[in-house]
Amino acid sequence: MGRKIAVVSGKGGVGKTTITFGLGLSLAKMGKSVCLIDLDIGLNNLDMLFGAQDKIMFDLADCIDGKCRIKQALVRHEKQENLYVLSSSKSDVFTEISELKLNLLLSKLASVFDFVLIDCPAGINRNVYLGLKSSNEALLVVTPHIASISDADKVLSVIKGFDLNFSGVIVNRVRGDMLAKGESLSHKQIAYLLKSEVVGVLPESDQINVQSGNLEYKSINKDEILLAFDMLATNIESGRKQIFDCQKQYRGFLGMIRRNIKRSV
Ligand SMILES: Nc1ncnc2c1ncn2[C@@H]1O[C@H](COP(=O)(O)OP(=O)(O)O)[C@@H](O)[C@H]1O
Ligand SMILES: [Mg+2]
């Protein structure tokens, strides 16, 4: 049976969709079969990041309503053949998804895929509840800002009420230059504040902004964000505890120059 992992957060815009896609891509590159589900109905954009928006014939609601077979709604990644997405629709924002049917759908997917990653909406609402209820694990995404961590703490207490494993916290959009100057919270401080393990750290990356909406898979292959995603995927897959070093390029004499350039641009 595959692992069903809900990706949740307190604040919106902290990177859940980006992480669902990036983590899925890295797991798929490791040879795992991966299905991504967009449960952020209405504000869905996983299909866009995936590059699937023009290929969608059926969506999550169609699957749940029995209007199509699951495999008719799955879109395969153009380059990574073991990576699929099941999109949701902007127009289904007011449709109530049946808990039982979603549970059944995700269980069927988990019997076929090694990983089912569920991109949830932000905060605490019915679809987050559904996502957590239908998963066996949860990942909590934060950025190194107090407001994000404070909201994440509230979601964490909700997660604890569910019968699932909490897989840990992912700290996204970490600025190595600010960390090096002591101007940003470190992942250790965040782990302390949330009394939880940090399973991955992802740097702030200019590439993601440039690529979003039109992800050129090959062109970002060497970007440090991909290395960080690979590290995160290895941790999730094998339980290892390696943390991407966002400060590396900002240490030493050259690092000081980079820090100052970064500050002035
Ligand atoms: N590590 C990162 N570096 C730079 N931009 C990022 C990073 N992670 C996410 N973003 C950007 O932040 C915005 C929100 O990300 P998204 O994944 O949609 O958040 P959420 O799903 O939590 O609402 C997007 O424009 C995305 O490109
Ligand atoms: Mg999102």
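Residue numbering note: each chain is counted from 1, following its sequence as written. Written order determines the labels here, with chains lettered from A and ligands numbered from 1. Where totals are concerned, whole chains, interfaces and linings use all residues; where local detail is concerned, this predicted model gives features only for residues with pLDDT of at least 70, and gives and counts side-chain atom pairs only at 80 or more. Side-chain calculation: all heavy atoms of the structure are included, whereas hydrogens and water are not.

A few words on the site of ligand 1. Working definition: residue near molecule or strand if any one of its non-hydrogen atoms lies within 4 Å of it. Looking at ligand 1, there are 15 residues lining it, with K16, T17, T18, N172 and S205 nearest. Here a polar contact means two N or O atoms within 3.5 Å. Within protein one must be a hydrogen donor candidate and the other an acceptor candidate, and residues neighboring in sequence count only if both atoms are side-chain atoms. Note that an oxygen atom of ligand 1 is positioned 3.0 Å from one of the side-chain N or O atoms of R173. Areas reported as accessible are Shrake-Rupley estimates using a 1.4 Å probe. Residue values count occlusion only from the protein chains shown. Within the complex, the protein chains bury 83% of what would otherwise be the 560 Å² of accessible surface of ligand 1. By definition, any uninterrupted DSSP run of H or I lasting at least four residues is a helix, any uninterrupted run of E lasting at least two residues is a strand, and each is numbered from the N terminus. Of all the elements in the fold, those that place two or more residues in the shell around ligand 1 are α1 (16–29), β7 (165–174) and α10 (206–211). The greatest single-element share of the shell around ligand 1, amounting to 3 residues, is contributed by α1. When residues are sorted by character, Ala, Val, Leu, Ile, Met, Phe, Trp, Tyr, Cys and Pro go into the nonpolar class, Asp, Glu, Lys and Arg into the charged class, and all the rest, Gly among them, into the polar class. The class makeup of the residues in the shell around ligand 1 is 4 nonpolar, 8 polar and 3 charged.

The end-to-end C-alpha distance of helix α11 (residues 224–238), which contains 15 residues, comes to 21 Å, matching closely the 21 Å that a straight helix rising 1.5 Å per residue would cover. When accessible area is computed with a 1.4 Å probe and restricted to protein chains, residues below 20% of their type maximum are described as buried, those above 50% as exposed, and intermediate ones as partly exposed. Along α11, the positions that sit buried rather than exposed are I225, L226, A228, F229, L232, A233, N235 and I236. Just beyond α11, the residue with positive phi is G239, at close to 80°. Helices are assigned an expected span. That span is 1.5 Å times one less than the residue count.

We now examine the side chain of D151. Relative to the helices and strands, D151 resides in helix α7 (residues 146–159). In what follows, a contact means two residues having at least one pair of non-hydrogen atoms within 4.5 Å. Those residues in contact with D151 that sit more than four places away from it in its chain are G10 and K11.

Note on geometry: axes are lines fitted to C-alpha atoms, helical ones only across the stretch in contact, with angles between N-to-C directions running from 0 to 180 degrees. For the pair α1 and α11, the least separation of the axes is 8 Å and the interaxial angle reads 70°. Judged by the inter-axis angle, α1 sits roughly perpendicular to α11. Facing T18, I19, G22, L23, S26, L27 and K29 of α1, the residues of α11 in contact are L226, F229, D230, L232, A233, I236 and E237. Residues belonging to the contact of α1 with α11 are distributed by class as follows: 8 nonpolar, 3 polar and 3 charged. These descriptions rest on fixed angle ranges, namely under 35 degrees for roughly parallel, over 145 for roughly antiparallel, 65 to 115 for roughly perpendicular, and the rest for oblique.

Despite not being glycine, R173 shows a phi value in the positive range, around 60°. Tracing the backbone through its elements, the reader meets R173 in strand β7. You will see that K195, though not glycine, has its phi angle at about 50°, which is positive. Here K195 shows up in the loop between α9 (187–194) and β8 (198–203). Judged by relative accessible area, which is 73%, K195 ranks as exposed.

The quantities given are spatial measurements derived from coordinates; they are silent on function.
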